[in-house]
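Structure at a glance
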Amino acid sequence: MSTRQFGEPVQRNADPALLKGEGAFIDDISLPGALHAAFVRSAHARARIRSIDTSQAEVLPDVVAVYTADDIGALDAELPMLIPHPCITSGGKTQRPLARGDVFYAGQCIAMVVAVDRYAAEDACAAIAVEYEPLPVELDLDRAVADGAPLVHDDIPNNVAAHFVQQSGDPDAAFAAAEHTTTVRVRLERSTAAPMECRAVAARWDGVSGELTVWDSTQATISVRGGLASLFDIDEDRIRVIAPNVGGGFGQKIMMFHPDEILVPYAAMELDRPVKYIEDRVENFIGASQERAQIHEISLAARKDGTVLALRDSFVHDTGAFIPYGIAVAQVASTSIAGPYRIPDIWVEMTLVYTPCVQVTPYRGCGRPQACFAIERALDQLADELGIDRTEIRRRNFIGPGEFPYVRDGLLFADGLAVNYDSGEYEKALDLITETVDLASFRTEQEAARAAGRYLGFGLGFYVEGTGLGPYEGGHVKVHPITGKVYVTTGLTSQGQGHETVFAQIAADQVGCDVKDVIFAEGDTQAHEWGVATFASRAAVVSGNAIHKAAVKARARIIAAAANMLETDEDSIELRDGRAWIVDGNRSVSLAEIATASNPLRYAFNEASQTATQFAPASTHDGPPLAEGQAPGIEETDYFSPSHATWAYGVHAAIVEFFPDTCAMEIRRYLCIHDCGNMINPMIVEGQVMGGIGQGIGGAFYERCAFDENGTPLAANFMDFLMPYATEVPDAEILHMETPSPLNPLGIKGVGEAGTIPVSQVVASAMEDALAPLGIAPVRESPMSPDMIHRLLSEARSR
Amino acid sequence: MAKSVLKKAIPATSSDPRIPVTLTINGETVTREASPRLLLSDFIRHELGLTGTHVGCEHGVCGCCTVMIDGRAGRSCLAFAVQADGAEIRTIEGVAAGDGTLHPIQQAMMECHGLQCGYCTPGFVMSMLSYLEETPEPDLSETAIREVLSGNLCRCTGYNNIVKAFRRSVELMNAAEG
């Protein structure tokens, strides 16, 4: 047998091209004759537009077209409400491609200029005069919902975009009977994905064939095609959407439509010239989706032994000026709120609030970092109040390995189905991390350090992550007759997760070829017709299993054809090294020969194909060259539609040293235990987890989309929005556990978002532990900037 | 589309004045006309077609556009093309061997999974190349390596594997020389 590729740290097929600068990101694609778009964006958070004067721009020699809401025909309408929900007030507000009448956030598109190059387009934007009547704003979430607060949308009272309550069990009874209750209020700030490649879109219209080609740095090519077909009223077959190399997405590129995704194709059709829009970094900070801002008030009802009986959480969620992605982020937060803990009775209330800021849609983690911060901070406080060790209280509340499936009736997850944890070894993970960190020795060291005036601390955070949501994905496997290479496609897109390698590993195991001989395609609606998108840590689970199922079918066809060609039984065939062999023999046929022979030909192109012509059929059966019901070639398609989400989990811990003089904190050790079921490629899993930790560190210490009181963005570049460099991210140790998921044939769970989730909690908990001798108040906010720490220390000193 | 509308006359290039720029790039000397305000990064990418140099922020923070200018790493988004007149520039396209064999730094990045989306990668490779070429005996401590890498942002990897790749690069380069 060939060595099994599943589970091996196979190097990535995509790397050589990317390393040599041969990647094809959207602005790397040369479109002869392309024009370039730029946008006039609102300078105010909330204002009425008195006038737009484009006359000075239109006369500039290099300007081709200027569009305002008056110039885009039927597109001048509110964009689609992607995920409706009955709890959304008045159906929900979505933005128009170009503002009409009012603007709702600083950065909103008001006009689009198309010119011969980007420099000229930006000149023209500067020549467009917009007169505003600024309106009052309220950015504070608590004040925004109060009576009399300025409204983002005149017809939405109290700025409440949605209100929803979910309940599991009987929390009121549990609270009434509780021996102890505790409440904490936590706040997380707005942040953003900040992919290294900003968003980009290019379009080319072919008036002869009536075909529109759109290159879009989207995570959802097939969905964008559907949306464009609908908005432009063209058949889907006439639209091809391609996401070539994409420089990171992290959820920001799942959101559709950012206005440019519609207006650029529109201009390409209208001008009959290719048009490109390459978002710049400032635009990414002011015009592309953000996330994270929530305030939770969470209460736990417990017995004196630390057993948590019930949880109540009421949180407000900043959805920005629009709510195109529905309640998804808040819903994920609300259903992740009980973490890995048994907590049978749960009440969770969410209030989504319109603010005059760019819209909120999922960013890696999607509500989970917020929920994790809330429950884990509350659990730390409960432990402290009951005099139980913070590690021990978690142990007392874990769902045990024998309790799966563990269902939270009444809590509906983002796939619309009840929360249903499928497998896990939570206590084992906790044991592993405390043993690895050697907590007992650390406590001794900490005591000695304290005596010497140094502040060391330990913190940990546990999380669960519902991954691998439906509805479905497909896999297509075909063996090429000439080369014997194996073509695999699916309907996803990649932003660097190594799909081309992990999916090749899955297919190679069935077909018996080298991983490098699998040619994989995705991110192109012409490569694969059906599918959904890359988001919610679902790619490996859903497409991986679809490709596995298709490859299993292709394997059966290869074996049947090879048995025929080698005149033996199917049981006597084994596949390895790109060939079918007779077991215990030395005769074999190659995949190329098998694929060729499986396709009855009339013409002989080469030596191999001579054996496949209808004059010399490989088939030994009587009758026509293709038997009734048989398809030519080696080609199979299958689909995987998960019954519900599969729940990955993990625990992170850190040992930190805190320096009160500078309010700086150094992470001396960072550990992560992670379990995403069976790993297809541990090297790639580790890369995903470490990348998530890096973003989590950014979120815990530095990253904040700040606004002034007028709603003007204050962090719209990398000087003000501080993303960690290599000097800020610790060298994390990552250990794996593999508890298979029973929900799919490969036993895998998603991993994309995991690393980001618990980092703020770990840092907060470690900081409290380190600073306990100074008597600081509990840490209730993230990010934990030096300013915030200084405030905590000053308050402690003045007490 | 309304077909009665006449197609608009569109100039082939902008009306910016243009002045000649002569520079050597990956060993080849070229002369092109460039607008005085054209960024060096845009000149390399769009005028010369070497699109491996990426643009991540256009304000000199992210390092995606790092190239070597007269032997040292520099941000091509912070210079105008006309300022590079007479300069010798190296870009990611000139790093691998002529037959496509990866440079030890590129090989190490692949072996250590030092890249995911690959957008920042050319900038990292150019920063490492510049440093290792001018530093015969590099300090391989964790702190020193991270300091070398601290001019480049990566949003995918969390940097660990890039640090590993740096060490592996030195091993591979030493082996190649030994």
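This write-up is about the structure you can find in this document.

Reading the values: the criteria
- Residues numbered from 1 in each chain as written.
- Chains lettered and ligands numbered in written order.
- Predicted model: local features only at pLDDT ≥ 70, side-chain atom pairs only at ≥ 80, totals over all residues.
- Heavy atoms only, no water.
- Helix = DSSP H or I, 4+ residues; strand = E, 2+ residues; numbered from the N terminus.
- Areas by Shrake-Rupley, 256 points an atom, 1.4 Å probe, with all protein chains shown as cover.
- Lys, Arg positive; Asp, Glu negative; His and termini not counted.
- Charge placed at Lys NZ, Arg CZ, Asp CG, Glu CD.
- Pairing = 2+ DSSP bridges.
- Buried < 20%, exposed > 50% of the residue type's maximum accessible area, 1.4 Å probe, protein only.
- Right-handed = clockwise from strand over helix to strand, strands pointing away.
- Core = buried A, V, L, I, M, F, W, Y, C linked by side-chain atoms within 4.5 Å.
- Contact = heavy atoms within 4.5 Å.
- Buried area = accessible area lost by both parts, 1.4 Å probe.
- Salt bridge = Lys/Arg side-chain N within 4 Å of Asp/Glu carboxyl O.
- Polar contact = N/O pair within 3.5 Å; in protein donor to acceptor, adjacent residues only side chain to side chain.

Some points on the overall build of chain B
Counting its regular elements, chain B contains 5 helices and 5 strands. In chain B, the succession of α and β elements from N to C terminus is β-β-α-β-β-β-α-α-α-α. Summed over its atoms, the accessible surface of chain B is roughly 7600 Å², and 52% of this surface lies on carbon and sulfur atoms. Looking at charge distribution, chain B has the averaged site of its 15 positive side-chain charges lying 12 Å from that of its 20 negative ones.

Brief notes about the sheet that holds strand E4 (residues 102-103) of chain A
All names here are of chain A. With antiparallel pairing, the 3 strands of this open sheet are ordered in space as E4-E2-E6. Lying at the two open borders of the sheet, with one neighbouring strand each, are E4 and strand E6 (129-134). Bridging between strand E2 (residues 47-53) and E4 involves 2 bridges; their strand directions are antiparallel. Of the residues in E4, the one forming a bridge with Arg48 is Asp102.

Describing the pairing of strand E15 (residues 345-354) of chain A
Residue and element names in this part refer to chain A. With 9 of 10 residues buried, E15 lies mostly within the body of the structure. Relative to E15, strand E7 (residues 160-168) runs antiparallel, the two sharing 8 bridges. Among the inter-strand pairings, Ser168 is bridged to a residue of E15, identified as Ile346. The handedness of the strand E14 (residues 308-320) to E15 crossover, carried by helix H9 (residues 328-335), is right-handed.

Some details on the nonpolar core
In globular proteins that are soluble, nonpolar side chains generally tend to be buried together. Counting 175 residues, the largest nonpolar core has Met196(A), Leu311(A), Tyr421(A), Tyr426(A), Phe462(A), Phe718(A) and Leu149(B) as its most contacted members. Beyond its immediate stretch of four places on either side in the chain, Tyr426(A) contacts Pro340(A), Phe398(A), Ile399(A), Phe404(A), Tyr421(A), Phe462(A), Val464(A) and Tyr649(A).

Concerning the interface of chain A and chain B
Residue-level contacts link 64 residues of chain A with 60 residues of chain B. On the chain A side of the contact with chain B, Leu19(A), Tyr119(A) and Met196(A) bury the most area, a combined 16% of that side's loss. Counting the contacts that link chain A with chain B gives 4 salt bridges. Notably, a salt bridge pairs Arg155(B) with Glu703(A), separated by 2.7 Å at the nearest N-O pair. Between the two partners, chain A and chain B, sit 27 residue pairs in polar contact (both at pLDDT 80 or more). Secondary structure elements with two or more residues in the side of chain A that touches chain B: helix H1 (15-19), strand E3 (63-67), helix H3 (118-126), helix H7 (260-271) and helix H18 (682-702) of chain A. At 8 residues, the largest contribution of residues to the side of chain A that touches chain B is made by H18(A).

Some details on the pattern of salt bridges
Opposite charge on two side chains allows them to pair when their charged atoms are near. Residues and elements named next belong to chain A. The full count for this structure, using the stated rule, is 69 salt bridges over all chains. Between Asp15 and Arg12 there is a salt bridge; the shortest N-O distance is 2.8 Å. Of the two residues, Asp15 and Arg12, both sit in the buried class. Residues participating in the shared-partner salt-bridge network are Glu376, Arg377, Asp380, Asp384, Arg390, Arg394 and Glu768.

Structural notes on the side chain of Glu500(A)
Residue and element names in this part refer to chain A. You can see Glu500 is positioned in helix H14 (residues 499-511). It is Arg12 that comes nearest to the buried, bridge-free Glu500 among opposite-charge side chains, at 4.4 Å. A polar atom in the side chain of Glu500 sits 2.7 Å from the side chain of Thr501. Setting aside chain neighbours within four positions, we find Glu500 in contact with Arg12, Asn13, Ala14 and Phe520.

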